[in-house]
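As a plain string of letters, each chain reads:
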Amino acid sequence: MASAQSQEDQVLEEETSFVRILTLNRPRQLNALSAQMISRLLELFQRYETDSNVKLLILKGKGRAFCAGGDVAAVVRGINEGDWISGAKFFSKEFILNYLMATYTKPQVSILNGIVMGGGAGVSIHGRFRVATENSVCNTALFLVIKVFAMPETALGLFPDIGASYFLSRLPGFFGEYVGLTGARLDGAEMRACGLATHFVPSSRLALLEEALYKVNSSDPAVISAVIDKFSLEPYLKDHSAYHWMDVIDKCFSRRTVEEILSALESESTNRADAWISDAIQSLKKASPTSLKISLRSIREGRLQGVGQCLIREYRMVCHVMMGEVSKDFFEGCRAILLDKDKNPKWKPSKLELVNDNMVDQYFSKINDDRWEDIKLPARSNLPATAIAKL
């Protein structure tokens, strides 16, 4: 349980002369973000920004994950007890943290040496530097190469939130639609290729990289980048990576509707036997139809919006998801994937054609509840260009 650890235990803090190192410390839960962790990170980031002795922040995870997302199972338990407002408060604080990171005036280096999913992307991708590795994990039973990054929300009846409509829409071509809709898992080389990661450092060099970063006495992004560059390399993109087929991804995922995207993929599958295409088709067919439709619209709107606008819109969307007035797929997805773990969710509506435009529109409207109000992001004025141009 999240309450079994204090905020300080869940986020470990170390300091050197001008550097602060924060370690997400819920390894048994793959460092899933609890409400306490989010509050602690928000408190620390706010404090460091006004502390002239702090020049650089390093964020990493303990164990085999950087962060496997937000602790949505805890949110669902609260909602099932009749308290969706507590869930709204969880997401509100998380989104404010995402916005602070996206507009932060000091460099943040996130070391993504492990699984990165959902909310884990929110506390890393918005930062200045994202260091991926090959993510090899060794235990007594097997040697496992982990795909490090995924946005699996559509399989949970949710949608890519935490400002994902901002950064996914800014990936090359329509790769963001591919990642966001299918929940495709990317390895470190793919993250580096598409821009989700700024650097790739072999895990064997991480200790040396961290040692070098601890000695930094500068907030100049060029200085930080030069330090990381000394330990970086350009990784090998595996032959079966979908990123080799950007022409096909753009052809299919540029379509106007989810139905047209799926049809285009099925047409491509008759001409080629690439595993990534069949995996994409299966993922789309297994995902929540409602989630797919609101996710596609969200990413498309994100192309024309700033990160703050994206987070404000996504907050409305996630509150509608928690209220469940259009669809209760979020609760069903969490039941099937996270709680009962039968991996057999029963979506309602069950088919794409049953989710009409009016239903989708509702997710983008204000909430009709006297207890609710739009998220209020903190004022961020006179920011340097480096604080608002992370991607």
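Each value, and the rule that gives it
- Residues numbered from 1 in each chain as written.
- Predicted model: local features only at pLDDT ≥ 70, side-chain atom pairs only at ≥ 80, totals over all residues.
- Heavy atoms only, no water.
- Helix = DSSP H or I, 4+ residues; strand = E, 2+ residues; numbered from the N terminus.
- Rg over C-alpha atoms; globule rule 2.2 N^0.38 Å.
- Buried < 20%, exposed > 50% of the residue type's maximum accessible area, 1.4 Å probe, protein only.
- Patch = residues over 30% accessible without salt bridge, like charges linked within 9 Å, V, L, I, M, F, W, Y side chains within 5 Å.
- Areas by Shrake-Rupley, 256 points an atom, 1.4 Å probe, with all protein chains shown as cover.
- Salt bridge = Lys/Arg side-chain N within 4 Å of Asp/Glu carboxyl O.
- Axes fitted to C-alpha atoms, helices over the stretch in contact; angles between N-to-C directions.
- Parallel < 35°, antiparallel > 145°, perpendicular 65-115°, else oblique.
- Left-handed = near helix turned anticlockwise from the far one by under 90°.
- Contact = heavy atoms within 4.5 Å.
- Nonpolar A, V, L, I, M, F, W, Y, C, P; charged D, E, K, R; others polar.
- Pairing = 2+ DSSP bridges.
- pLDDT = per-residue confidence, 0-100.
- Phe/Tyr/Trp six-rings, centres within 6.5 Å; stacked < 30°, edge-to-face > 60°.
- Lys NZ or Arg CZ within 6 Å of the ring centre and 35° of its normal.
- Core = buried A, V, L, I, M, F, W, Y, C linked by side-chain atoms within 4.5 Å.
- Disulfide = S-S within 2.5 Å.
- Polar contact = N/O pair within 3.5 Å; in protein donor to acceptor, adjacent residues only side chain to side chain.

On a plain count of helices and strands, the chain comes out with 17 helices and eleven strands. Over its C-alpha trace the chain gives a radius of gyration of 20 Å, about what one expects of a compact globule, namely 21 Å for 391 residues. Its C-alpha atoms give the chain principal-axis dimensions of about 60 × 55 × 45 Å.

In this section: unusual backbone geometry. In most cases, non-glycine residues show a negative phi, while peptide bonds are predominantly trans. Cis geometry marks the peptide bond from lysine 348 to proline 349, where omega comes out at 0°. Relative to the elements of secondary structure, proline 349 occurs in the loop between α16 (329–339) and α17 (357–362). Even without being glycine, isoleucine 162 reaches a positive phi, approximately 45°. Within the secondary structure, isoleucine 162 is located in the loop between β10 (149–150) and α6 (164–167). For isoleucine 162, a relative accessible area of 0% translates into the label buried.

This next bit is on a nonpolar patch on the surface. A surface patch of nonpolar side chains, about 200 Å² in accessible area, is lined by Ile337, Leu338 and Leu339. On the accessibility criterion, isoleucine 337 (31% relative accessible area) is partly exposed.

Before going further, it helps to spend a moment on the packing of helix α2 (residues 35–49) against helix α4 (residues 84–102). Where α2 meets α4, the closest approach of the two axes is 10 Å, and the angle between their N-to-C directions is 30°. The angle between α2 and α4 places the two elements in the roughly parallel class. The hand of the α2/α4 crossing is left-handed. Here Ala35, Ile38, Ser39, Leu41, Leu42, Phe45, Gln46 and Glu49 of α2 lie close against α4, whose contacting residues are Phe90, Lys93, Glu94, Ile96, Leu97, Leu100 and Met101. In terms of residue class, the contact of α2 with α4 is built from ten nonpolar, two polar and three charged.

Let us now look at the sheet that holds β10. Within the open sheet, the three strands sit side by side as β4-β6-β10. Their pairing is parallel. Pairing within the sheet leaves two strands with one partner each, and these edge strands are β4 (65–67) and β10. With two bridges joining them, β4 and strand β6 (residues 115–117) adopt parallel strand pairing. Directly across from cysteine 67, in β6, lies its bridge partner valine 116.

On to the confidence of the model for the chain, then. On average, residues of the chain score 90 in pLDDT, and 93% of them reach the 70 mark or higher. Low pLDDT, under 50, characterises residues 136–146; the stretch is placed with 16 contacts to residues that sit more than four places away or in other chains.

What follows covers the packing of aromatic side chains. Applying the stated criterion to the full structure yields ten aromatic pairs. On the basis of an interplanar angle of 90° and a centroid distance of 5.0 Å, the ring pair of phenylalanine 175 and tyrosine 243 is categorised as edge-to-face. On the criterion of sequence distance, the pair formed by phenylalanine 175 in helix α7 (residues 175–182) and tyrosine 243 in the loop between α10 (221–229) and α11 (246–253) is long-range, its members being 68 residues apart. Both residues of the pair, phenylalanine 175 and tyrosine 243, count as buried. Plain terms: the ring middles of phenylalanine 330 and phenylalanine 331 are 5.8 Å apart, the flat faces sit at 50° to each other, and that makes the pair tilted. Grouping residues by exposure puts phenylalanine 330 and phenylalanine 331 together as buried. Site record: aromatic cluster; members linked through ring pairs are Phe90, Phe91, Phe95, Tyr315 and Trp372. Over the ring of phenylalanine 18 we find lysine 55; its NZ or CZ atom is 4.7 Å from the centre of that ring.

A few words on the pattern of salt bridges. One pass over the structure, following the stated rule, counts 26 salt bridges. Across the salt bridge formed by arginine 272 and aspartate 274, the nearest N and O atoms sit 3.3 Å from each other. For arginine 272, a relative accessible area of 26% gives the class partly exposed.

Judged by nonpolar contacts, the single largest core of 108 residues is most densely connected at Phe149, Phe167, Phe175, Tyr178 and Leu265. Counting residues per element, this core draws most heavily on α4, which supplies twelve residues. Contacts of leucine 265, omitting those with residues within four sequence positions, involve Cys252, Phe253, Trp276, Ile277, Ala280, Ile281 and Leu284. By size, the runner-up hydrophobic cluster in this structure holds 17 residues, among which are Phe129, Val131, Leu213 and Phe231.

Moving on, we get to the state of the cysteines. Under the counting rule described, the total for this entry stands at zero disulfides. Of all cysteine sulfurs in the structure, the one in cysteine 194 sits closest to cysteine 252, which takes part in no disulfide; the separation is 18 Å. The thiol of cysteine 310 is not disulfide-bonded; the next cysteine sulfur, from cysteine 319, is found 16 Å away. With a relative accessible area of 0%, cysteine 310 lands in the buried category.

Attention shifts here to the side chain of arginine 26. Relative to the elements of secondary structure, arginine 26 occurs in the loop between β2 (19–24) and α2. Owing to a relative accessible area of 4%, arginine 26 belongs among the buried residues under this scheme. Polar side-chain contacts of arginine 26 include one of 2.8 Å to the backbone oxygen of alanine 32.

A few words now on the environment of leucine 208. Along the chain, the position of leucine 208 falls in helix α9 (residues 206–214). With 108 residues separating them in the primary sequence, leucine 208 and leucine 100 have C-alpha atoms 29 Å apart.

This next bit is on the packing of α7 against helix α14 (residues 289–302). The packing of two helices is summarised by the inter-axis angle and the distance between the axes. Remark: α7 packs on α14, axes separated minimally by 10 Å, with the N-to-C direction vectors making an angle of 150°. Compared by their axis directions, α7 and α14 come out roughly antiparallel. Crossing angle aside, the handedness with which α7 passes α14 is right-handed. On α14, the residues touching Gly176, Glu177, Gly180 and Leu181 of α7 are Leu292, Ser295, Leu296, Ile299 and Arg300.

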